[in-house]
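# Remarks on the overall topology
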Amino acid sequence: MRKTIQMISVLTIIGLVSGTVLVFTYKYANPLILDNQKNEIKEAIFKIFPKADTYEKDIIEDSVIFRAKEGGKLLGYAFLAEGNGYQGAIKMMAGIEPNLETLVGIEILESQETPGLGQEITEEEFKAQFKGLMTSPKITYVKNKPPERPNEIRAVTGATVSSSAVVSILNEKIKKLKNALQKLR
Amino acid sequence: MHCKNCGKEFCKGLWRENPIFFQVLGMCPTLAVTTKALFGFSMGMATTFVLISSSLVISCIRKLVPPQVRIATFTVIIATFVTCADYFLKANFYTISKELGPYVPLIVVNCIILGRQEAFVSKHSVAESFVDAVGMGIGFSAVLVLLGSIRELLGFGTIFYYKILGEGFENWVIMALPAGAFITLGFLVGLFNWLNSKLTSAHKI
């Protein structure tokens with residue numbers, strides 16, 4: 001009986017102390033983590049719209065969009081898009097012009113693709129292809145040759161799955177946005 | 001504080017009982033995060049922090065914990081420190097923490113940590129446990145950095161993002177993939193065991 005009480009009390013005390021330590025760690029770290037996430041979004045928006053000086057967050061039909069503005073003039077919309085890649089989720093920020101037809105650029109925020117292959121989607125060479133890309137009828141990709149049409153990008157060699165994931169995530173989200181924004185007008 | 005074997009306890013983690021080369025423990029982070037030297041270094045530091053803190057706490061309370069619940073107690077303590085380390089990385093080194101992904105929380109199940117508590121800390125004094133944890137932590141981190149450097153050099157031509165190999169070098173993609181981790185680790189373990197056997201046989205003569 002004494003043994004049982006000792007076991008229970010040791011586990012209880014350890015649990016309480018650990019819990020307290022975790023509460024304080026969380027209180028210290030959580031505001032910093034939220035700041036980091038906010039900064040990440042901010043940096044991505046200003047990287048896509050270098051001319052923008054402010055942006056406004058807006059929620060249209062459960063999707064978050066950011067209106068990037070330069071001195072009150074609307075430069076375009078930035079939006080978050082997320083979906084499955086080759087190994088895990090790919091999360092990105094994309095910018096589109098106000099007419100919703102031309103992409104301004106993309107930034108990959110999170111990806112767990114294969115280092116050296118799929119992870120190339122985070123490189124400038126791949127991302128730059130999305131600048132000025134047409135979104136209608138939809139974005140497509142070609143393999144092992146330079147893109148010919150204005151809505152085509154070239155997939156990363158050896159990482160077609162990752163490249164096509166980026167394209168389909170974007171297509172889906174843009175379609176949704178077009179519908180949502182058209183209703184608004 | 002009594003610590004006559006401290007020098008020995010410290011050095012064994014670096015060489016004779018190195019957690020990776022001679023105990024072959026903690027393989028999951030070793031293989032998974034060493035695509036680049038910096039990630040290996042961060043992982044090594046996080047693991048060392050958890051190892052030292054939990055060794056200190058556990059060696060202080062080891063006599064109060066009944067043997068039947070020791071594993072549960074150790075796990076709770078280790079998990080607490082791992083969560084602290086994870087939050088700290090997320091708060092201050094956001095990009096690194098994103099790259100390491102789930103492998104920081106997974107330090108909880110790293111056998112080096114629980115293994116040290118069972119094999120060493122539960123039988124030794126606070127000072128000896130501390131020295132042992134520092135030695136093991138440094139030994140572990142050094143191997144992760146070495147492995148990460150080799151893979152980064154051959155896989156990307158850089159070490160700690162510093163360009164070493166020129167433009168003419170064709171990156172060996174395989175070194176950045178899991179297979180590269182197995183190949184490099186296999187060669188390193190072989191090399192170090194061969195070196196060790198050479199050294200010990202020379203010692204005997």
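Going by the structure above, here's the rest.
Below: a short report on this structure. If you're wondering where the values come from, they're calculated on a predicted model, not measured in any experiment.

### Things to note about the overall build of chain B
- Secondary structure assignment for chain B yields 9 helices and 2 strands.
- Secondary structure elements in chain B, listed N-terminal to C-terminal, are α-α-α-α-α-α-α-β-β-α-α.
- Computed over the C-alpha atoms, the radius of gyration of chain B is 18 Å, within 12% of the 17 Å expected from 2.2 N^0.38 for a compact globule of 205 residues.
- Out of the 205 residues belonging to chain B, those deemed buried represent 49%.
- Intrachain contacts of chain B at a sequence separation of at least 6 include 75% that bridge at least 24 residues.
- Surface summary for chain B: the accessible area is close to 9600 Å², and the carbon and sulfur share equals 71%.
- Computing the positive centroid from 16 side-chain charges and the negative centroid from 10, chain B places the two 9 Å apart.

### Some remarks on the pattern of salt bridges
- Applying the stated rule across the entire model yields 13 salt bridges over all chains.
- A salt bridge links Lys-127 of chain A to Glu-124 of chain A; the nearest nitrogen and oxygen atoms lie 3.9 Å apart. You can see Lys-127 of chain A and its partner Glu-124 of chain A sitting in helix H2 (residues 124-127), 3 residues apart, about one turn around the helix.
- Of the residues examined, Lys-127 of chain A reaches a relative accessible area of 8% and is grouped as buried.
- Classification of Glu-124 of chain A by relative accessible area gives partly exposed; the value is 43%.
- As a salt-bridge pair, Lys-12 of chain B and Asp-132 of chain B come within 2.6 Å of each other at their nearest N and O atoms. Placement of Lys-12 of chain B in helix H1 (residues 6-14) and of Asp-132 of chain B in helix H7 (residues 126-156) is noted, with a sequence separation of 120 residues between them.
- With a relative accessible area of 1%, Asp-132 of chain B lands in the buried category.
- Connected through salt bridges with shared partners, the residues Lys-47, Glu-107, Glu-124 and Lys-127 of chain A form a single ionic network.

### Examining the packing of helix H1 (residues 2-48) of chain A against helix H4 (residues 70-92) of chain B
- Two elements in contact, H1 of chain A and H4 of chain B, have axes whose closest approach is 8 Å; the angle formed by their N-to-C orientations is 10 degrees. Classed by the angle they form, the pair H1 of chain A and H4 of chain B counts as roughly parallel.
- Taken together, the residues that form the contact of H1 of chain A with H4 of chain B break down as 17 nonpolar, 7 polar and 1 charged.

The rules behind these values
- Residue indices follow the written sequence of each chain, beginning from 1 at its first position.
- Lettering for chains starts from A, numbering for ligands starts from 1, and both go in the order in which the items are written.
- For a predicted model such as this one, the threshold for reporting local features is a pLDDT of at least 70, and the threshold for listing and counting side-chain atom pairs is 80 or more; totals across whole chains, interfaces and linings nevertheless cover every residue.
- Calculation of side-chain values draws on the structure's entire complement of heavy atoms; hydrogens and water are dropped beforehand.
- Only DSSP runs of H or I reaching four residues or more are called helices, and only runs of E reaching two or more are called strands; each is numbered from the N terminus.
- C-alpha atoms define the radius of gyration in this analysis, and the globule rule sets the expected value at 2.2 Å times the number of residues to the power 0.38.
- Working definition: with a 1.4 Å probe on protein chains only, accessible area under 20% of the residue-type maximum means buried, over 50% means exposed, and in between means partly exposed.
- We call two residues in contact when some of their heavy atoms are within 4.5 Å.
- Only the protein chains shown count as cover for residues, and all accessible areas are computed by the Shrake-Rupley method using a 1.4 Å probe.
- His is not counted, nor are the chain ends; Lys and Arg add positive charge and Asp and Glu add negative charge.
- For the purpose of locating charges, the reference atoms are NZ of Lys, CZ of Arg, CG of Asp and CD of Glu.
- Within this document, salt bridges are pairs made up of a side-chain nitrogen of Lys or Arg and a carboxyl oxygen of Asp or Glu, the two lying within 4 Å of each other.
- To obtain each axis, a line is fitted to C-alpha atoms, and for helices this fit is confined to the stretch in contact; angles are then taken between N-to-C directions over 0 to 180 degrees.
- For this classification, under 35 degrees means roughly parallel, over 145 means roughly antiparallel, 65 to 115 means roughly perpendicular, and everything else is oblique.
- Charged means Asp, Glu, Lys or Arg here, nonpolar means Ala, Val, Leu, Ile, Met, Phe, Trp, Tyr, Cys or Pro, and polar covers whatever is left, Gly included.

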